[in-house]
Amino acid sequence: MFSSKNGFKKTFLKRVEMVCGTSFAESTERDHFQTLGNMIREYVSNDWIKTNEHYRETKGKQVYYLSIEYLLGKLLRQNLINLGIENVVQEGLGELGIDLSELEEFEADAGLGNGGLGRLAACFLDSLASLNLPGHGYGIRYKHGLFEQKIVDGYQVELPEQWLRSGNVWEIRKADLAVKIPFWGKVEAKMENGRLQFQHLNAETITAVPHDMPVVGYNTDTVNTLRLWNAEPSQFPIHHDILRYKRETESVSEFLYPDDTHDEGKILRLKQQYFLVSASLQSIIKSYRQQHGNLAQLHEYVCIHINDTHPVLAIPELMRILIDEESFEWDEAWNITKNTISYTNHTTLTEALEKWPLRIFRPLLPRIYMIVEEINERFCKELWERYPGDWDRIAKVAIIADDQVKMAHLAIVGSFSVNGVAKLHTEILKNREMSQFYQLFPEKFNNKTNGIAHRRWLLKANPKLSGLISETIGTNWTQAPNELVRLSEYENNTSFLERLAKIKKDNKERLADVIHEKTGVAVDTNSIFDVQVKRLHAYKRQLLNVLHIMYLYNQIKEDSSFSMVPRVFIFGAKASPGYYYAKKIIKLINTVAEKVNHDPKVGDRMKVIFMENYRVSLAEKIFPAADVSEQISTASKEASGTGNMKFMINGALTVGTLDGANIEIRELVGDSNIFTFGLTADEVLHHYQHGGYQSLEYYHHDWRIRQAVDQLVNGFFPGVYNEFEPIFDSLLEENDQYFVLKDFASYVDIQKVIGNTFMDPIKWQKMSLANIANAGYFSSDRTIQEYADDIWGIK
Ligand code: 26Q
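Predicted model only: the values in this text are computed from it and were never measured.

Just to check I follow, could you spell out the overall build of the chain for this structure?
The helix and strand tally for the chain stands at 32 helices and 25 strands. Relative to its length of 795 residues, the chain is compact, with a C-alpha radius of gyration of 27 Å against a globular reference of 28 Å. Here the C-alpha coordinates of the chain stretch approximately 90 × 75 × 55 Å along the principal axes. A total of 795 residues make up the chain; the buried ones form 61% of that total. Put simply, of all contacts in the chain between residues at least 6 apart along the chain, 76% involve residues at least 24 apart. Surface summary for the chain: the accessible area is close to 30,900 Å², and the carbon and sulfur share equals 48%. Taken as two groups, the 89 positive and 105 negative side-chain charges of the chain have centres that lie 2 Å from each other.

How should the pattern of salt bridges be read in this particular structure?
Close approach of charged atoms allows side chains with opposite charge to pair. The tally for this structure, following the rule as stated, stands at 50 salt bridges. In this structure, the salt-bridge partner of Glu86 is Arg77, at a minimum N-O distance of 2.7 Å. Look at Glu86 and you get partly exposed, because its relative accessible area is 22%. In this structure Arg77 comes out as buried when scored by relative accessible area, which is 12%. Residue Arg666 pairs with Asp671 through a salt bridge whose shortest N-O separation is 3.6 Å. Arg666 sits in the partly exposed class, given a relative accessible area of 28%.

Explanation requested: unusual backbone geometry in the structure shown.
Peptide bonds are, in most cases, trans, and in most cases residues other than glycine have a negative phi. Within the chain, Ser636 stands out as a residue other than glycine whose phi angle is a positive 95°. Mapping Ser636 onto the fold places it in the loop between β23 (628-631) and α24 (643-649). The class of Ser636 is buried, set by a relative accessible area of 8%. Backbone geometry at Asp736 places phi at a positive 50°, although glycine is not the residue there. As for its placement among the helices and strands, Asp736 is situated in the loop between α29 (725-732) and α30 (740-758). Accessibility expressed as a relative area gives 3% for Asp736, which makes it buried.

Cut-offs used in this document
- Residues numbered from 1 in each chain as written.
- Predicted model: local features only at pLDDT ≥ 70, side-chain atom pairs only at ≥ 80, totals over all residues.
- Heavy atoms only, no water.
- Helix = DSSP H or I, 4+ residues; strand = E, 2+ residues; numbered from the N terminus.
- Rg over C-alpha atoms; globule rule 2.2 N^0.38 Å.
- Buried < 20%, exposed > 50% of the residue type's maximum accessible area, 1.4 Å probe, protein only.
- Contact = heavy atoms within 4.5 Å.
- Areas by Shrake-Rupley, 256 points an atom, 1.4 Å probe, with all protein chains shown as cover.
- Lys, Arg positive; Asp, Glu negative; His and termini not counted.
- Charge placed at Lys NZ, Arg CZ, Asp CG, Glu CD.
- Salt bridge = Lys/Arg side-chain N within 4 Å of Asp/Glu carboxyl O.

Below, the structure written as structure tokens:
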């Protein structure tokens, strides 16, 4: 159906009529999208079935990646590329007068994630399939993904996202594979054949219905599965309040929880976590049993990877299955469980570590709670034997303490592997945040530096650059990303560098059009496109960027001899709906933008753009057009970052702190091809421990800081009285916990260097090339191969 253009056209025309019930002449673009999607899914289904048969027959070890988030974005073009049929389809449609890129607009972004962690899961799925590895995703089929962001009068407004409004062409509902998940009720123990048996009585059950999506590998026959669970009412003969029950049931897969470190006590979130875990384990164990029978060897054939602690209930749930349903003794069950589960940590921010109050946990999951309690007691007893009398140590690592279940502690104790996501992050875990656990289990800790699906973020997102690369070094880089280093040979080839520059310019034009269409602001593509796109968080320090912009603006206004290289500052960021401070920063960015963009004295020297509703599909237009990549988190706070890698592979130069994977970027490109500034992680952590930083001193001694900070509250922004007082207070009253003012001077200095460097286009393009050429390391193919070899043991 896709082997020739004419064959494709013929089938497509026939299908439009069959699928949509209209003649081709009367059919709409949506009909065309729907038809094409169906055709692709059908085309894939053959390999999908074969892949599953292959896994069943060879009985090799399987990995199941459990994640509460998957930020997939759109799948149409990626699937076409991976199947090697992009050209046939694009040209065939073209001859029918249909523009493929217009059809893409009819696919909604699958935005089932907040940010880095969710996008990482999506990149991993691509690499697993592309490397022919037996790895599958399990998640929740949220009816509403991450909220849609509107900016109204400079403020963020959240609307429910509706990606399923016109259905999801990629999914297949598997109603016959539905499973039931029990909540609430009580547990009774009774003796049976000399053994205590536990029964969960009066539970309210929810049905989990799988919706499978094919994960198509690049240039391979492998099609893995992403299984998303939908929550539906179980068939109850009589229920006292059927409507309430239906509503409460469906609410479990209704919304993705925003990354809300400041919002507490969500029963529904814990329900979601158990829902995902219990449904997935039932499915995993069913298919294991069909192939291998007895669960005693589970860990030899199955690895269950938990993406952060959100699915950590996999540990007690597996224990429950082994003990209650399979009659294993505790010790053997514990051995199997520990050797089956592996865990990735994505944050050291203490606010973001999950802790569940017992008053919520115990009634909702009574049997699971008993098991967690038993795990905790046995763990504490071991500690007591190893460190007699050391209460302090035990209190620090206990799984249950202060009437809370500490999910990260459970994850470390109940798994065989704990990994961080960049070198520095893993060192901080080992030597600081989790040092007590590192002393107990040094063999569990390891690093797996994050990566990105380079086929989405370069091959798909930047066709012009990809074309130049393939023309220059051939196409092997699409499957062997390290081949990109061969581009280094061209660092002194002026005509090559000029072609790079031209491509960047074209991509900037394309983005400028989008900016104009969305914001009405015309930007000059000769300016530096300086971009900060990521979730809005205090530690990511969008505020540092804004204060620098305010400083530049003040200079333009007051110093007639001031000169600067023209810049367009581009922001994209969603703030968690309950994160008051983050929303203030969004309002500040928009307020500054309003002032700067309408000031005739500024002209084209500077523009500030806030792009509404930042998401995967918008990101794909932004990265290829960036000159400067802002990675300016307070050192030690950003576990890795992955946006930094997406910019790098598209030839943007990083301005960054020595944080997360920025450090590895610097190691790869060399100090002269990156702009670093600011405190180191050691310095930051030293200040947290020993004090010694007074933000007021910086305010008093640096007039640039004083002027900009005062402008937050002195009426400089007309009509927004008191609006930015909380920001002012965070900097001065609360002593600037993220060292914004401390790093300000060195940030201003490095930005000046960036401007000067940009004035030397050949030098700039050389640096840009060094970044592209060394970005192969950050392909998630490399990351996934490391997981496969060192943690999962799969081939
Ligand atoms: C926790 C408790 C209660 C409610 C929500 C949460 C919650 C939800 C999502 C906590 C954290 C997240 C997401 C974290 C995340 O995206 N972390 C990022 O992971 C990336 C991939 O490893 C890293 O590159 C980033 O540095 C890290 O911030």
